[in-house]
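Coordinate analysis (summary)
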2 protein chains.
Amino acid sequence: MDPSRIAVIGLGAMGFGMAASLIRAGFTVTGHDVQPAPLAQLQAIGGLSAATPAAAARDAAAVIAVVVNAAQTEAILFAADGCAAAMAEGAVFISCATMPPETVRGLAARLEATGRHYLDAPISGGAARAATGALTIMASGSQAAFAQARPALEAMAATLHELGDAPGIGAGFKMVNQLLAGVHIAAACEAIAFGAALGLDLRKLYDVITGSAGNSWMFENRVPHILDADYAPRSAVNIFTKDLGIVLDMARATPLAVPMAGAALQLFLMTASAGMGQDDDASVARLFATIAALDLPVAH
Amino acid sequence: MDPSRIAVIGLGAMGFGMAASLIRAGFTVTGHDVQPAPLAQLQAIGGLSAATPAAAARDAAAVIAVVVNAAQTEAILFAADGCAAAMAEGAVFISCATMPPETVRGLAARLEATGRHYLDAPISGGAARAATGALTIMASGSQAAFAQARPALEAMAATLHELGDAPGIGAGFKMVNQLLAGVHIAAACEAIAFGAALGLDLRKLYDVITGSAGNSWMFENRVPHILDADYAPRSAVNIFTKDLGIVLDMARATPLAVPMAGAALQLFLMTASAGMGQDDDASVARLFATIAALDLPVAH
């Protein structure tokens, strides 16, 4: 095992930025992705390309999985050509996908039984902050997992929350964040629709609300997409049908009623079923506008 | 009419603070309230006391109404002993209650037909900022109304939004703000309940969320009440059953579906019907805790 070698599995907007941050910090980064294009781009900035998760993980001190969900994370670890068996003993698997805590605990137990470490490390901050090494990471795991992961984490994060000594705790924090993020996006879109129905000047409305008690991080960040009529996906509607779906599943299993998250999920599902699942999550505003024939800004 | 004289009708937490700010700025302030205690307090800080709105308004350049709703505002203006007939010609009525725009337009038209001005001026910021002259005011009205009101507004506000040339526009902005504020309080309480159900450390959760994309002004402001188990009302549950009730009525009249506001209103109504209507609006968290037998912090 070589402490300067890191594997990054999943080179989407987040994973590619994280790989770039690691390269800038001096690590030798081997990437794997199911698409060829980001592998070529990784080589262009000084990284190495591997054909399988197993090949990427060999000799790496840490393997970072930056994929969409639990199924993909499980495949990276345990499918044929998965990285678990290829990882050096004592190496750490850093899992960044948003997953239910229960699932995290299951994956971690399977991996740790083989002598490798598992760090539960969901991320927040978006592609721009991934690219600059300024993510927020909500991590939990054993002291050994943290010790092994810390050099890589410090190259990727501006804020590293160390939330507990077992996998699954970080995932719990992330799910609470996603509940709020999803509700706030849906509320921002509903509020803009309400303002449009009242005939208010929507740019003035943005200025007033961002300086008032009605503000949220998501209102401030997403409403400009609506004002610019720019629905190119920075984060897609389908991310929130997935993440709020996990929240609702977890809450039902508890059982706990979460009516705010429930209402938000229905709005994201309506937006996806209206054909906008791949578009920016601010598209919930277009759903309101379509239903109620409201005038929102249009692209020029 | 004496430009140094201002009347303040309604000396609750907001109105008293605004009256104090006006006194500090050098105005002669005459107050009226249905309760005797705040009138005595006003006299103790250099204000004058009047037995009726009409008596308070006589000779004042501006009459500021800081009451709870449209019915109280209408009574202050047009009931027997109301201020409308007593106001000097050219004086301005500054209306701060949260009301539907349609109601504001009706009250303004009735008053302006008599030669007095009406400024639609809902406020935001809470009692502490009222007391320091640092409110946000979302105002609309004629140029004449603004000109007549401006000296008083500048003594009370850190931020004066001038939103349009007719009464009702300010009220629209305020209703959008209240939609978001109510949804965000309900979401904050739901998120804390979800975190408690997951067994998370709630103080750590507060630290993580306030630095993440899930943050809102209301989450940051209200969750400390839950962490301290302090439900003394800074702003009561009943304010939001009222304000979200107005939002839902307005949206139904449009018609516009506002499912996020609808879910939040039901949570505030449940909290009020469980006996917490007069308590702090963070009591929605206690509703969740009661229903699901969750451990929230308890008072010492």
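Residues numbered from 1 in each chain as written. Chains lettered and ligands numbered in written order. Predicted model: local features only at pLDDT ≥ 70, side-chain atom pairs only at ≥ 80, totals over all residues.

Moving on, we come to the overall build of chain A. Across its full length, chain A holds 13 helices and 9 strands. The globule rule puts the C-alpha radius of gyration for 300 residues at 19 Å, and the 20 Å found for chain A is close to it. C-alpha extents for chain A along the principal axes are approximately 65 × 45 × 35 Å. In chain A, the proportion of contacts linking residues at least 24 apart, taken out of those at least 6 apart, comes to 68%. (Helix = DSSP H or I, 4+ residues; strand = E, 2+ residues; numbered from the N terminus. Rg over C-alpha atoms; globule rule 2.2 N^0.38 Å. Contact = placed C-beta atoms within 7 Å.)

Here we take up the relation of the copies chain A and chain B. If you rotate chain A by 180° and push it 0.0 Å along the axis, it lands on chain B with an RMSD of 0.0 Å. Classification of the inter-copy transformation places it as that of a two-fold axis. Among all C-alpha atoms of chain A, that of A:Ser216 lies closest to the rotation axis, at 1.9 Å. Most of the interface of chain A is mirrored in chain B, where 100% of its interface residues are also at the interface. (Least-squares fit on C-alpha atoms with pLDDT ≥ 70 in both.)

Our next topic: the nonpolar core. Judged by nonpolar contacts, the single largest core of 234 residues is most densely connected at A:Val63, A:Ile64, B:Val63 and B:Ile64. For B:Ile64, the residues in contact, after removing those within four places along its chain, are B:Ile6, B:Ala7, B:Val8, B:Ile9, B:Met18, B:Ile94, B:Cys96 and B:Ala152. (Core = buried A, V, L, I, M, F, W, Y, C linked by C-beta atoms within 7 Å. Buried ≥ 20, exposed ≤ 12 C-beta atoms within 10 Å, placed from the backbone.)

The next thing to look at is the pairing of strand E4 (residues 60-65) of chain A. All names here are of chain A. With 6 of 6 residues buried, E4 is to be regarded as a mostly interior element. When strand E1 (residues 2-9) meets E4, the two strands line up parallel, connected through 5 bridges. Within E4, the residue paired with Ile9 across the bridge is Ala65. By the bridge criterion, 4 bridges tie E4 to strand E5 (residues 92-95) in an arrangement that is parallel. Residue Ala62 lies in a different strand from E5, and its bridge partner there is Val92. Between the parallel pair E4 and E5, the chain is carried across by helix H4 (residues 70-78), and the sense of this crossover is right-handed. (Pairing = 2+ DSSP bridges. Right-handed = clockwise from strand over helix to strand, strands pointing away.)

Right, let's talk about the sheet that holds strand E1 (residues 2-9) of chain B for a bit. Residues and elements named next belong to chain B. If you trace the 6 strands from one edge of the open sheet to the other, you get E3-E2-E1-E4-E5-E6, paired in parallel fashion. In this open sheet, the two edge strands, each paired with only one partner strand, are strand E3 (48-49) and strand E6 (117-120). Inspection of the sheet shows E1 paired to strand E2 (residues 28-32) by 5 bridges, in the parallel sense. Bridging from a neighbouring strand, Ala7 pairs with Thr30 of E2. Across the sheet, helix H7 (residues 143-156) is in contact with E1, strand E4 (60-65), strand E5 (92-95) and E6; its angle to E6 comes to roughly 70°. (Axes fitted to C-alpha atoms, helices over the stretch in contact; angles between N-to-C directions.)

Attention now goes to the interface of chain A and chain B. Many analyses report the size of an interface as the accessible area lost when the parts associate. Opposite the 51 residues of chain A that make contact, chain B presents 51 residues. Breaking the side of chain A that touches chain B down by element, the ones donating at least two residues are strand E8 (135-139), strand E9 (157-162), helix H8 (169-197), helix H9 (202-210), helix H10 (217-227) and helix H12 (259-276) of chain A. Sorting elements by how many residues they give to the side of chain A that touches chain B places H8(A) first, with 17 residues. Of the residues that constitute the side of chain A that touches chain B, the class distribution is 34 nonpolar, 15 polar and 2 charged. (Nonpolar A, V, L, I, M, F, W, Y, C, P; charged D, E, K, R; others polar.)

The step from A:Thr254 to A:Pro255 runs through a cis peptide bond, and the omega angle for that step is -5°. The backbone of A:Asp59 shows a phi angle near 70°, a positive value even though the residue is not glycine. Inspection of the secondary structure assignment puts A:Asp59 in the loop between helix H3 (53-57) and E4. Residue B:Ala229 is not a glycine yet carries a positive backbone phi of 50°. Tracing the backbone shows B:Ala229 in the loop between helix H10 (217-227) and helix H11 (237-253). You can call B:Ala229 partly exposed: it has 14 C-beta atoms within 10 Å.

The next subject is the domain arrangement of chain A. Residue and element names in this part refer to chain A. As far as domains go, chain A holds domain 1 (2-166) and domain 2 (171-292). Inter-centroid distance (C-alpha atoms) of domain 1 to domain 2 is 29 Å. Opposite the 12 residues of domain 1 that make contact, domain 2 presents 11 residues. In the side of domain 1 that touches domain 2, the residues fall into 7 nonpolar, 4 polar and 1 charged. (Domains from an automatic or database assignment.)

What follows concerns the sheet that holds strand E7 (residues 123-124) of chain A. Residues and elements named next belong to chain A. Reading across the sheet, the 3 strands line up as E7-E8-E9 and stay open at both edges, with mixed pairing between neighbours. Both outer strands of the open sheet, E7 and E9, are each paired with one neighbouring strand and no more. In the sheet, E8 pairs with E9 via 5 bridges, with the strands oriented parallel. Bridging across to E9, Met138 finds its partner in His161.

All names here are of chain B. The element strand E8 (residues 135-139) is extensively covered by neighbouring structure, given that 5 of its 5 residues are classed as buried. The two faces of E8 match: Leu135, Ile137 and Ala139 on one face and Thr136 and Met138 on the other face are all buried. Bridge count for strand E7 (residues 123-124) against E8 is 2 bridges, and the pairing is antiparallel. Considered in E8, the bridge of Ser124 is made with Thr136.

Along H10(A), the residues classified as buried are A:Trp217, A:Met218, A:Phe219, A:Arg222, A:Val223, A:His225 and A:Ile226. The elements touched by buried residues of H10(A) are H8, H9 and helix H13 (284-292) of chain A together with helix H8 (169-197) of chain B.

Bringing the environment of B:Gln43 into the picture now. Along the polypeptide, B:Gln43 turns up in helix H2 (residues 36-44). Along the backbone, B:Gln43 and B:Val29 are 14 residues apart, and their C-alpha atoms lie at a distance of 9.6 Å.

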